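# Structural description and commentary
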Amino acid sequence: HLDVSCAEAIGIAKEKGSFGPGPEVQCVQSRYIPRGIPPRPYWGVVLSEDIDAEGAPTRVESFLVDAITGDVSRP
């Protein structure tokens, strides 16, 4: 049961980040990640400041958001 949606997890990560993600759609990435036994749900969120000419992110921050509590950690 997920109390924190993917969109909410992205919002939480943006609040915790030291910079805002760039305007390109690939500047915000998220993934559902079950961890542990029994599995506990998390959202992995990666924010990048910009995308360079080769399509690679220029500056990146990663967050692990607990999908039940909304608590944030850094992987």
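Details of the structure are given in the entry above.
Residues numbered from 1 in each chain as written. Predicted model: local features only at pLDDT ≥ 70, side-chain atom pairs only at ≥ 80, totals over all residues. Heavy atoms only, no water.

## Let's talk about the pairing of strand S3 (residues 60-66)
- Most of S3 sits out of view: five of its seven residues are buried.
- Pairing of strand S2 (residues 40-48) with S3, which is carried by seven bridges, proceeds in the antiparallel orientation. Bridge assignment links Val 45 to a residue of S3, and that residue is Phe 63.
- Where S3 lies against strand S4 (residues 72-73), two bridges are found, and the strand directions are antiparallel. Each bridged residue has a counterpart across the sheet, and for Leu 64 the counterpart in S4 is Ser 73.
- Remark: five residues form the turn of the hairpin made by S3 and S4, two consecutive strands paired antiparallel; Gly 70 in that turn has positive phi of roughly 85 degrees. (Buried < 20%, exposed > 50% of the residue type's maximum accessible area, 1.4 Å probe, protein only. Helix = DSSP H or I, 4+ residues; strand = E, 2+ residues; numbered from the N terminus. Pairing = 2+ DSSP bridges.)

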